[in-house]
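Spelled out, the chains give:
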Amino acid sequence: MPKLLPAEVSEQIRSLLESMIDPVSIIYFTDHKCSSCLETGQLLEDIAGLNNKISLVVKDFAKDIDAVKQYDIRRIPGFVILDHEQKDRGVRFSGIPAGHEINSFLSALLEMSGVDSELNADILARIKKIAKPIDIKVFVTLSCPHCPGAVQTAHRLAMQNPFIRSEMIEAQTFQEMSRVYKVSGVPKIVINDKYELLGDQPPESFLDLIDKIA
Amino acid sequence: MFHFTVETKKPSPVDEAVYDFIALGGGPAGLNGALYAKRKGLRTAVLAYDLGGQLKNTSSVDNYLGFDNIDAGQLIDRFVSHLGSLDVPLITSVRVAAIEKQGDLFHLRLDSGRVIKTKTLLAALGGSPRKLDVPGEERLGGKGVSYCATCDAPFFKDKHVVVAGGGNSAVESAMDLAKWASHVTIIHRSKFRADQTLLDKLDKIANIDVRLETQILEILGSDHVEAVMIKDKRTETVSSFPADGIFIEIGTIPNTALFIELAHLNESKEIIVDGFQQTSLEGLYAAGDITAQPYRQIIIAAAEGAKAALSASNYLNKKGL
Ligand SMILES: Cc1cc2nc3c(=O)[nH]c(=O)nc-3n(C[C@H](O)[C@H](O)[C@H](O)COP(=O)(O)OP(=O)(O)OC[C@H]3O[C@@H](n4cnc5c(N)ncnc54)[C@H](O)[C@@H]3O)c2cc1C
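Source: prediction; values computed, not measured. Numbers given for residues are sequential positions, taken from 1 along each chain in its written order. Throughout, the order in which chains and ligands are written sets their labels, letters from A for the former and numbers from 1 for the latter. It should be noted that, the model being predicted, local features are given only for residues of pLDDT at least 70 and side-chain atom pairs only at 80 or more, the latter also being counted only at that level, while totals for whole chains, interfaces and linings use all residues. Water and hydrogen atoms were dropped before computing side-chain values, which therefore reflect all heavy atoms in the structure.

This part covers the site of the ligand. All names here are of chain B. Taken together, 30 residues lie near the ligand, and Gly26, Asp50, Gln54, Gln297 and Ile298 sit nearest. The contact in question runs from a nitrogen atom of the ligand to an N or O atom on the backbone of Tyr49, over 3.0 Å. Interatomic distance of 3.4 Å between a backbone N/O atom of Gly127 and an oxygen atom of the ligand. Alone, the ligand offers 1000 Å² of accessible surface; in the complex the protein occludes 91% of this. Helix and strand definitions follow DSSP, with helices as H or I runs of at least four residues and strands as E runs of at least two, each counted in order from the N terminus. Secondary-structure elements contributing two or more residues to the shell around the ligand are helix 1 (28-39), helix 4 (168-177) and helix 6 (298-319). Amino acids outside the nonpolar list (Ala, Val, Leu, Ile, Met, Phe, Trp, Tyr, Cys, Pro) and the charged list (Asp, Glu, Lys, Arg) are all regarded as polar, and Gly is one of them. A class-by-class count of the residues in the shell around the ligand yields 10 nonpolar, 14 polar and six charged. Near is defined per residue: the residue qualifies when any heavy atom it owns lies within 4 Å of the molecule or strand. Polar contact is the term for a pair of N or O atoms within 3.5 Å; when the atoms are in protein, one must be able to donate a hydrogen and the other to accept it, and sequence-neighboring residues count only if both atoms are side-chain atoms. Using a 1.4 Å probe, accessible areas were evaluated by the Shrake-Rupley method; residue-level cover was limited to the displayed protein chains.

Shown next, in the form of structure tokens:
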């Protein structure tokens, strides 16, 4: 497949990724034929080609059962970003992060590599205190300018606490799931499959809701 | 097939120095203010949650001089690269949590805890979507009630949606939605305020119809929008109008929460400015949709930003700051 990123955009991204500190790995799950799998794979290849601190490993969702289990991959196309110690910090993307969503992907790469996320000390302390499993799903569309902010916040929470897992879900790729979760406005944030937030909420709003969960 | 809108900026180094001019807000007002301030030789930065502001909520712009029908994302890119060519630092993805004036300096506290100091400040935080303020609106938020057509249009494929409002943004949203929805009805309580050129375009789209002089009284539905209760103001008849969703495009409310203690606001909570964009507080200027001016347009916001920067430059010269 030809490159997905236009030359000009590639250059922009290459220059941004120069700020990366440590290496990161992307583990991408596909069956090479699912809806938007080819494009997602190509995008990841394009991005990994822009900076040698990014390595890309492609796994077959049907065959690489151990990896699917290890990373608890529930749908494809989907990927996990690991830090320089190959540690899973709970950051997931399901569906292609194109359109506006390229921004949540780029900031996840930068922050996973050690670039400071500038969360304030109080917020950081509140995140660290969480000691129960928290699963955050952020539903997005690619034409939504407010969505990357919500995904970025959710991913930041995950990176700071091993109890938290956060997943961007591209609503049009996962239409059936969006229907089940009654998504008709984005960004829609669903915590532990039950608690909902709407919009690009600040970290405080995520934490206030998480605190309420028994 | 896929396009990519890269907005992420390189992390900005912490700058302990005092700025001459900070443009607070990354919409047309803040960006143009920063451009003018930088050209005057002021030590300048833009401080904003995002770049582009409300321009991000629309697909194309047809009334900015020099560009007929430009993609809104492209217009933002042009603004941002113009600033880039002058090396104006863009401190983005930050929210300002508090502003204080101590002596001649403004202290801006970011949500990260970082404090940035400046001698003059341009308030250009724009506006957030205005609510209809009717029963059902809050409860059905994200369940068929939306304030962003570009974000949520895909969920209304082959459905019937209502757009509330009668200005340019309502008409533009209706046209964006008509590409997905089976049918779009624009409902507005009085006459159209939108530009004639837009209305001419609207006329040609088969799956949009219009109900003027019609007030929305309530949004109905159990766990999703099912109808809106409307009143025809000419006949005074009230009826239920079935719809799968409603997009509310009735203008904005100014983002002035941070300025309530600092500057004089009018009854609509807009910042009052004089002909120099000066507010009631020395060194504080305001421009664009946050101010008490009646026309919410990109070119007006940009022009006010320019005026504010020139006034700030004069003020700094006069005061010898
Ligand atoms: C759907 C739609 C279509 C439109 N179409 C047109 C059109 O075709 N032509 C036209 O001329 N006008 C159009 N407009 C109006 C135009 O977009 C606005 O008049 C213009 O964007 C106002 O610019 P501004 O800089 O004052 O504020 P905004 O564009 O609202 O920008 C505000 C900025 O402040 C930032 N901000 C807010 N709060 C904080 C905080 N606490 N901390 C940090 N940053 C913050 C935001 O991130 C943003 O960068 C449209 C508006 C809408 C909603």
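Let's pick the thread back up.
Further remarks concern the state of the cysteines. All names here are of chain B. The disulfide definition used here is simple: a pair of cysteine sulfur atoms within 2.5 Å. Applying the stated rule across the entire model yields three disulfides over all chains. Here Cys148 connects covalently by a disulfide to Cys151, the sulfurs 2.2 Å from one another. Judged by the sign of its S-S torsion, about 70 degrees, the bond between Cys148 and Cys151 is right-handed. Note on exposure labels: buried denotes an accessible area under 20% of the residue type's maximum, exposed denotes more than 50%, and partly exposed covers the range between, all computed with a 1.4 Å probe on protein chains only. Taking the relative accessible area as the measure of exposure, Cys148 reaches 7% and is therefore buried.

With that settled, the discussion passes to the interface of chain B and chain A. Pairs of residues are marked as contacts when any of their non-hydrogen atoms sit within 4.5 Å. Opposite the 34 residues of chain B that make contact, chain A presents 43 residues. For the pair chain B and chain A, the summed buried area comes to about 3100 Å², and 57% of that belongs to carbon and sulfur atoms. The largest per-residue losses of area from chain B upon contact with chain A belong to Phe2(B), Phe4(B) and Phe155(B), which jointly make up 22% of the total buried on that side. Salt bridges are defined as contacts in which a side-chain nitrogen from Lys or Arg sits within 4 Å of a carboxyl oxygen from Asp or Glu. Joining chain B to chain A, the criterion identifies two salt bridges. Glu118(A) serves as the salt-bridge partner of Arg114(B), at 3.1 Å between the closest nitrogen and oxygen. Buried area, as used here, totals the accessible surface that two parts lose on assembly, with accessibility defined by a 1.4 Å probe and the loss added over both.

Attention shifts here to the nonpolar core. Formed by 102 residues in total, the largest nonpolar core has its most connected members in Ile13(A), Leu17(A), Ile47(A), Ile81(A), Phe105(A) and Ile136(A). Setting aside anything within four residues of it in sequence, one finds Ile81(A) in contact with Val24(A), Ser25(A), Lys87(A), Arg89(A), Val91(A), Phe93(A), Phe105(A), Ala108(A), Leu109(A) and Met112(A). Core analysis: the next-biggest nonpolar cluster, separate from the first, contains 35 residues, Leu51(B), Val88(B), Ala287(B) and Ile298(B) among them. Residue types Ala, Val, Leu, Ile, Met, Phe, Trp, Tyr and Cys, when buried and joined through side-chain atoms within 4.5 Å, form a set referred to as a nonpolar core.

Residues and elements named next belong to chain B. By this definition, two strands are paired if DSSP reports at least two bridges between them. Taken together, the five strands give an open sheet; going across it, the order is 10-17-11-12-13, and neighbouring strands pair in parallel fashion. A strand with exactly one partner marks an edge of an open sheet, and here the two such strands are strand 10 (145-146) and strand 13 (208-211). Alignment of strand 10 against strand 17 (residues 245-248), held across two bridges, turns out to be parallel. Residue pairing across strands places Val145 opposite Ile246, the latter belonging to strand 17. What counts as an axis is a line fitted to C-alpha atoms, over the stretch in contact for a helix, and the angles between N-to-C directions run from 0 to 180 degrees. Seen against the sheet, helix 4 touches strand 11 (160-164), strand 12 (183-187), strand 13 and strand 17 and runs at an angle of roughly 165 degrees to strand 11.

On to the pairing of strand 15 (residues 227-232) of chain B. Residues and elements named next belong to chain B. Where strand 14 (residues 214-220) lies against strand 15, six bridges are found, and the strand directions are antiparallel. Residue pairing across strands places Gln215 opposite Lys231, the latter belonging to strand 15. Taking the residues that link successive antiparallel strands as the turn, the strand 14-strand 15 hairpin has six residues, and the phi of Gly221 there is positive, at about 155 degrees. By the bridge criterion, six bridges tie strand 15 to strand 16 (residues 237-242) in an arrangement that is antiparallel. Along strand 16, the bridge assignment pairs Asp232 with Thr237. Linkage of strand 15 to strand 16, two consecutive antiparallel strands, is achieved through a turn of four residues, within which Glu236 is found at a positive phi near 65 degrees.

Attention now goes to the domain arrangement of chain B. All names here are of chain B. For each domain, the first and last residues come from an automatic or database assignment. Considered domain by domain, chain B is made up of domain 1 (5-128 + 253-319) and domain 2 (131-248). Here the C-alpha centre of domain 2 lies 32 Å away from the C-alpha centre of domain 1. With nine residues of domain 1 at the interface, the matching set in domain 2 holds seven residues. The junction of domain 1 with domain 2 conceals about 500 Å² of combined surface from both sides, 24% of it contributed by carbon and sulfur atoms. For the salt bridge of Lys201 with Asp62, the shortest nitrogen-to-oxygen distance reads 3.0 Å. Our count for the domain 1 to domain 2 interface comes out at three residue pairs in polar contact (both at pLDDT 80 or more). A class-by-class count of the residues in the side of domain 1 that touches domain 2 yields no nonpolar, seven polar and two charged.

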